[in-house]
Amino acid sequence: MNKNELEVFVKIKGVGAASGIFLKENLLYIIGDNSAYLYEYNIAQQQLNKVELLKGFNTSENIPKDLKPDFEVLCHYQNQLFILGSGSKPNRNLMACYNLETKKVTRHDLTFLYANIRKSTGIDEENLNIEGAVATESDWYLFNRGNGDANKNGIFKIKGNDLAKASSISFIPIALLKTNNVLVSFTDAVLHQNQIYFIAAAENTTSTYDDGDILGSYLGKIDLKNFQLDFTKKISAHQKFEGISFLRQVEEKLEFLLCEDSDSDSLETVIYKVGV
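Everything in this summary refers to the structure shown in the same document. As the structure is a prediction and not an experimental result, all values here were calculated from the model. (Residues numbered from 1 in each chain as written. Predicted model: local features only at pLDDT ≥ 70, side-chain atom pairs only at ≥ 80, totals over all residues. Heavy atoms only, no water.)

Some points on the overall build of the protein chain
Part 1 of the reasoning: Broken down by element type, the protein chain carries one helix and 21 strands.
Part 2 of the reasoning: Relative to a compact globule of 276 residues, whose C-alpha radius of gyration would be 19 Å, the protein chain shows 17 Å and is just as compact.
Part 3 of the reasoning: Considering only intrachain contacts with a sequence separation of at least 6, the fraction spanning at least 24 residues in the protein chain is 49%.
Part 4 of the reasoning: If you sum the accessible surface of the protein chain, you get close to 12000 Å²; carbon and sulfur atoms cover 43% of it. (Helix = DSSP H or I, 4+ residues; strand = E, 2+ residues; numbered from the N terminus. Rg over C-alpha atoms; globule rule 2.2 N^0.38 Å. Contact = heavy atoms within 4.5 Å. Areas by Shrake-Rupley, 256 points an atom, 1.4 Å probe, with all protein chains shown as cover.)

Structure below.
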């Protein structure tokens, strides 16, 4: 596989609108933005299991757009998976945590956090759209997709480990690229060796709610220490990738897994592999 060349890693039936991904040994964890489940796929056995994150929906998959929790973030930290709503609407302020050891799910309301983000940074409800997160021992970094009319693409730096009670918040704007006069904006990120590897997309819309035509997806790197942009490279002209996870290092090359949101009701997803 050449660098930046996409390769199919696995096809999974039963998962739709994939928006986040994490690999641990032989288990692949996936979330969908219109689902109330966390999916656990055993690669060797080709078996799909479901972990219920939320209750109370008539259907727990393909939840209608105005009701869905919009889980866009799947972040791994200290043997837990953190699944965050995008914050783009009042019903999208939930965080679910899944303990990989105990298999228990806890839920937390992030309304206070997202309100503090808007108050601290001046970014209004129409431009708040959390799509990715990484965590360190002292800080959280939330990635805002700047596809709203204010083009607020960047990273919220949040002090402390408890997101639900966070109060020290700053915003680091990150300018990526423009394609056909449409801003390329974050769709997910992962931390590897103090480097942030991110994916981003250009979508022909100025709404954090409504989808638009896909104009390309990109892969890039940002230094965690100084937030300098190292590179941004186009990896697809027509697909929208919304989840990234580190796979492995082969000599000088790093490989990542990507999941794609097809913006459809199809309960099937393709996981891709890409190298840098």
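Side note on the pairing of strand S8 (residues 94-99)
Part 1 of the reasoning: Here strand S7 (residues 80-85) runs beside S8; their pairing, made up of five bridges, is antiparallel. Bridging across to S8, Gln 80 finds its partner in Asn 99.
Part 2 of the reasoning: As defined by bridge partners, S8 adjoins strand S9 (residues 105-109) across five bridges and the pair is classed as antiparallel. Residue Leu 94 lies in a different strand from S9, and its bridge partner there is Asp 109.
Part 3 of the reasoning: Count of turn residues in the S8/S9 antiparallel hairpin: five residues, of which Lys 103 carries a positive phi of about 65 degrees. (Pairing = 2+ DSSP bridges.)

Some points on the pattern of salt bridges
Part 1 of the reasoning: As enumerated under the stated definition, the model contains 13 salt bridges in all.
Part 2 of the reasoning: The salt bridge involving Glu 203 is made with Lys 240; its shortest N-O contact spans 3.5 Å. With Glu 203 in strand S16 (residues 195-204) and Lys 240 in the loop between strand S18 (229-236) and strand S19 (241-250), this residue pair connects regions lying 37 residues apart in the sequence. There is no split in this pair, since Glu 203 and Lys 240 are both buried.
Part 3 of the reasoning: Connected through shared salt-bridge partners, Asp 33, Lys 68, Asp 70 and Arg 92 make up one network. (Salt bridge = Lys/Arg side-chain N within 4 Å of Asp/Glu carboxyl O. Buried < 20%, exposed > 50% of the residue type's maximum accessible area, 1.4 Å probe, protein only.)

Considering the environment of Glu 52
Part 1 of the reasoning: Looking at the element boundaries, Glu 52 is found in strand S5 (residues 47-52).
Part 2 of the reasoning: Using a relative accessible area of 33% as the deciding quantity, one classes Glu 52 as partly exposed.
Part 3 of the reasoning: In the structure, Glu 52 is positioned 46 residues away from Tyr 98 in sequence and 10.0 Å away in space, judged by C-alpha atoms.
Part 4 of the reasoning: Look past the residues within four positions of Glu 52 in its chain and what remains in contact with it is Ala 36, Tyr 37, Val 105 and Arg 107.

Quick notes on the packing of aromatic side chains
Part 1 of the reasoning: Considering all chains together, one arrives at 11 aromatic pairs under this definition.
Part 2 of the reasoning: With a centroid separation of 6.4 Å and an interplanar angle of 50 degrees, the aromatic rings of Tyr 29 and Tyr 98 are classed as tilted. Remark: Tyr 98 occurs in strand S8 and Tyr 29 occurs in strand S3 (residues 27-32); sequence separation between them is 69 residues.
Part 3 of the reasoning: Tyr 29 gets classed as buried once you look at its relative accessible area, which sits at 1%.
Part 4 of the reasoning: For Tyr 98, a relative accessible area of 3% translates into the label buried. (Phe/Tyr/Trp six-rings, centres within 6.5 Å; stacked < 30°, edge-to-face > 60°.)

Examining helix H1 (residues 111-121)
Part 1 of the reasoning: Those residues of H1 that fall on the buried side of the exposure criterion are Leu 113, Tyr 114, Asn 116 and Ile 117. Each buried residue of H1 lies within a common arc of 160 degrees when the element is viewed along its axis, so the set occupies one face.
Part 2 of the reasoning: Where H1 is buried, its residues meet S7, strand S10 (130-135), strand S11 (139-144), strand S12 (154-159) and strand S13 (169-173). (Arc of directions from axis to C-beta.)

Details of the nonpolar core
Part 1 of the reasoning: Counting 24 residues, the largest nonpolar core has Leu 84, Leu 113, Ile 117, Trp 140, Leu 142 and Ile 158 as the members making the most contacts within it.
Part 2 of the reasoning: Going through the elements one at a time, strand S6 (71-77), S7, S8, H1, S10, S11 and S12 are the ones with two or more residues in this core.
Part 3 of the reasoning: Sequence-distant contacts of Trp 140, defined by excluding residues within four places in its chain, comprise Cys 75, Phe 82, Ala 133, Val 134, Ala 135, Phe 156, Lys 157, Ile 158, Gly 160, Asn 161 and Leu 163.
Part 4 of the reasoning: Phe 198, Ala 200, Tyr 218 and Phe 227 belong to the second largest nonpolar core, which has 20 residues in total. (Core = buried A, V, L, I, M, F, W, Y, C linked by side-chain atoms within 4.5 Å.)

Brief notes about unusual backbone geometry
Part 1 of the reasoning: The phi torsion at Gln 78 lies on the positive side, around 50 degrees, for a residue other than glycine.
Part 2 of the reasoning: Given the relative accessible area of 60%, Gln 78 is considered exposed.
Part 3 of the reasoning: In this model, Asn 79 sits at a positive phi of 65 degrees, which is unusual for a non-glycine residue.
Part 4 of the reasoning: Examined against the element boundaries, Asn 79 turns out to sit in the loop between S6 and S7.
Part 5 of the reasoning: Of the residues examined, Asn 79 reaches a relative accessible area of 25% and is grouped as partly exposed.

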